Amino acid sequence: ASASTRSKLKMSAAANSASYWRIAGMSYLKYSSMCAEVVRGCLKEPFLTKAKPREAVYFKATPWSGGKPGKSVVTEVIPPEILK
């Protein structure tokens, strides 16, 4: 196949893969979180122990008012299985 054909195939594959999580009604963050969970579930020791603390997620939100940023709020989301 020509270079332009290969380029079009790569672009369409990337566009299609992005659309699957959108069709499922997920945000990219939810999709990537699920993928990371699957990868961590496949790990064996000692890699599993090293990856376990990475399950905690931090979100930073900055409200804007009148065109100026307000005080940032950092939210930590820890999956229940880590707390056990």
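What you are looking at is a predicted structure, and each value in this text was computed from that prediction instead of being measured.

Each value, and the rule that gives it
Residues numbered from 1 in each chain as written. Predicted model: local features only at pLDDT ≥ 70, side-chain atom pairs only at ≥ 80, totals over all residues. Heavy atoms only, no water. Helix = DSSP H or I, 4+ residues; strand = E, 2+ residues; numbered from the N terminus. Buried < 20%, exposed > 50% of the residue type's maximum accessible area, 1.4 Å probe, protein only. Contact = heavy atoms within 4.5 Å. Patch = residues over 30% accessible without salt bridge, like charges linked within 9 Å, V, L, I, M, F, W, Y side chains within 5 Å. Areas by Shrake-Rupley, 256 points an atom, 1.4 Å probe, with all protein chains shown as cover. Salt bridge = Lys/Arg side-chain N within 4 Å of Asp/Glu carboxyl O.

Chemist: Teacher, can you tell me more about the overall build of the protein chain here?
Modeler: Assigned secondary structure in the protein chain consists of four helices and four strands. Secondary structure of the protein chain in N-to-C order comes out as α-α-α-β-β-β-β-α. Residues counted as buried form 7% of the 84 residues belonging to the protein chain. Considering only contacts within the protein chain whose residues lie at least 6 apart along the sequence, 14% involve residues at least 24 apart.

Chemist: Sorry, what's going on with the side chain of Arg40 here?
Modeler: Counting through the fold element by element, Arg40 comes out in helix H2 (residues 28-42). Judged by relative accessible area, Arg40 falls into the buried class, the value being 16%. For Arg40, the residues in contact, after removing those within four places along its chain, are Leu48, Ala51, Arg54 and Glu55.

Chemist: Looking at this structure, I do not really get a nonpolar patch on the surface. What am I missing?
Modeler: Taken together, the side chains of Leu29, Val57 and Phe59 make up a nonpolar region of the molecular surface, amounting to roughly 260 Å² of accessible area. Relative to the helices and strands, Phe59 resides in strand E1 (residues 57-61). Overall, Phe59 belongs to the partly exposed group, its relative accessible area being 39%.

Function cannot be read off these values alone, since they describe shape.
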